[in-house]
Amino acid sequence: MNTDNIHFLAILGAGESGVGAAILGMAKGMEVLVSDAGTISPKYRAILEERGIPFEEGGHSADRILQADMVVKSPGIPPTAPLIRRLAEKGTPIVSEIEFAGYFTDAKMICITGSNGKTTTTLLTYHILQQAGLNVGLAGNVGVSLARQVAEDPHDYYVIELSSFQLENMYDFKAHVAVILNITPDHMDRYDHKMELYTAAKFRILQNQTKEDYFIYWLGDPIIEAQIKGLQSEARQLPFSDHADPAAAAWVDDNGLLHFHTPSEVWEIPRDALSLPGLHNLYNSMAAGLSASALDIDPEVTGRSLGDFEAVEHRLEFVEEIEGVRYINDSKATNVNSTWYALESMKTPTVLILGGKDKGNDYSEILPLVKEKVKAIVCMGVDNRKLLDYFTPEGIPVSDCHSLAEAVAECRRLATEGDTVLLSPCCASFDLFSSYEDRGRQFKEAVRAMKR
């Protein structure tokens, strides 16, 4: 992309990515307009005002935006939005903040996507690179926006968590290390309920890779496996597996020893030395370890970092034990497969909190684990009909709750000593909460209030 031709930059959405893109655009001498259809949060309004960046809220000045040389779009705005369609018809380049930032840096990008485990793997990889002494930034769905870091705090490496939404508008951007952890149905409402469209968005992470780059993925994922058969990529592949496999670059054997065999090194670490328990975290640890190997990081540093990393908030986070009942916050489980991994790790009878904004979920994936491990389901959402209709005929006790306070009180009534109450909703949070973080923090506050 010839950035010399970008004189007027319009930015749709005034969140972390939009404000970061505005800061970078201003730093590069562009005329900038930030436009948000909703209300800009006080935090980002203050940043825009402090820097003298023009902005509007409560709607878009379409005629003005249609004059832009380039538009940076918030990932949450679908391609079907009327203004986006008009811009596309006009031929205006529409890019993500990550794509835009990539025009102005030669840093090596370690990019991580997947339906589940992205945040944990991103933070774990970032932790390893930090411990190795690399000049590394954290971006994407976590940390400070890539664009703002490129403008004000540049690094030699960036570890970036990427959603399918962000990948939709990335074209010239190149990942030195691209990780696809898994692909399971998610955001089906965004992709016309077509799995192939969602999968194609995820695989955009591989575009522009060369033989000097790396592609890390889970060998056991059937969707990834099918997609790879027709894959045309020069990147060096480093797959991982939960069992010994001659095709794998990382695997765990029957004795619980985790092996890493890459072109540059061979090393092992006991699985019980990993700081994060559970099958899903085994996959996350292998992906992070292979990313470190691709960057020639000392295995001793990688092994130590895999053992001292602290768990991510809202992902199987222990909250409290009250009256002999353990309360676990897994609010980040916004799809069915993520809840599957949470249930897989449960060792005691479980009261499961489900519910929120359904994204076209198919609950049959978790049904066997629910029957095996769940003593009762507490639905927490504005409209729980789909959950009630699915699980009630299976003979599982299901409670219909419409607020956090009601749901926590019902869990307390249902759970007995030795049980676990697990908030792992399967759904997005936007019916009752502003985000999954808001949902998780409110849950933790409500649980801890029971001790007072």
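Residues numbered from 1 in each chain as written. Predicted model: local features only at pLDDT ≥ 70, side-chain atom pairs only at ≥ 80, totals over all residues. Heavy atoms only, no water.

The next thing to look at is the packing of helix α11 (residues 279-294) against helix α13 (residues 336-344). Between α11 and α13, the least distance of the axes is 8 Å, while the angle of their chain directions is 110°. In terms of their interaxial angle, α11 and α13 are classed as roughly perpendicular. Contacts between α11 and α13 involve Leu 279, His 280 and Tyr 283 from the former and Trp 340, Tyr 341 and Glu 344 from the latter. Split by residue class, the contact of α11 with α13 holds four nonpolar, one polar and one charged. (Axes fitted to C-alpha atoms, helices over the stretch in contact; angles between N-to-C directions. Helix = DSSP H or I, 4+ residues; strand = E, 2+ residues; numbered from the N terminus. Parallel < 35°, antiparallel > 145°, perpendicular 65-115°, else oblique. Contact = heavy atoms within 4.5 Å. Nonpolar A, V, L, I, M, F, W, Y, C, P; charged D, E, K, R; others polar.)

Glancing now at the side chain of Thr 339. Mapped onto the fold, Thr 339 is located in helix α13. Judged by relative accessible area, which is 0%, Thr 339 ranks as buried. Reaching out from Thr 339, the side chain makes a polar contact with the backbone oxygen of Ser 424 at a distance of 3.1 Å. Setting aside its immediate chain neighbours within four residues, Thr 339 contacts Ala 333, Leu 354, Ile 366, Ser 424, Pro 425 and Cys 426. (Buried < 20%, exposed > 50% of the residue type's maximum accessible area, 1.4 Å probe, protein only. Polar contact = N/O pair within 3.5 Å; in protein donor to acceptor, adjacent residues only side chain to side chain.)

The next thing to look at is the sheet that holds strand β17 (residues 350-354). Read across the sheet, six strands follow the order β15-β16-β20-β17-β18-β19 without closing on themselves; strand pairing throughout is mixed. In the strand order of this sheet, the two ends are held by β15 (317-322) and β19 (398-401), each with one partner. Pairs of neighbouring strands in the sheet enclose a mean axial angle of 20°, with direction left out of account. Bridging between strand β18 (residues 374-380) and β19 involves four bridges; their strand directions are parallel. Residue Val 378 lies in a different strand from β19, and its bridge partner there is Ser 399. Lying over the sheet, helix α17 (residues 436-449) contacts β15, β16 (325-329), β17, β18 and β20 (420-423), oriented at roughly 20° with respect to β15. (Pairing = 2+ DSSP bridges.)

Take a probe with the size of a water molecule and roll it over the atoms, and the empty space left behind shows itself. Taken as a whole, the second largest pocket holds about 450 Å³ of empty space. Lining the second largest pocket are 22 residues; nearest its centre among them are Pro 277, Gly 278, Leu 316, Ser 345 and Met 346. Of all the secondary-structure elements, those providing two or more residues to the lining of the second largest pocket are α11, β15 and β16. Partitioning the lining of the second largest pocket into residue classes produces nine nonpolar, seven polar and six charged. (1 Å grid on protein atoms, 1.4 Å probe; cavity = no way out; pocket = protein on both sides within 12 Å on 5 of 7 lines; lining within 4 Å. Points joined across faces, edges and corners; volume = space filled by probe spheres on them.)

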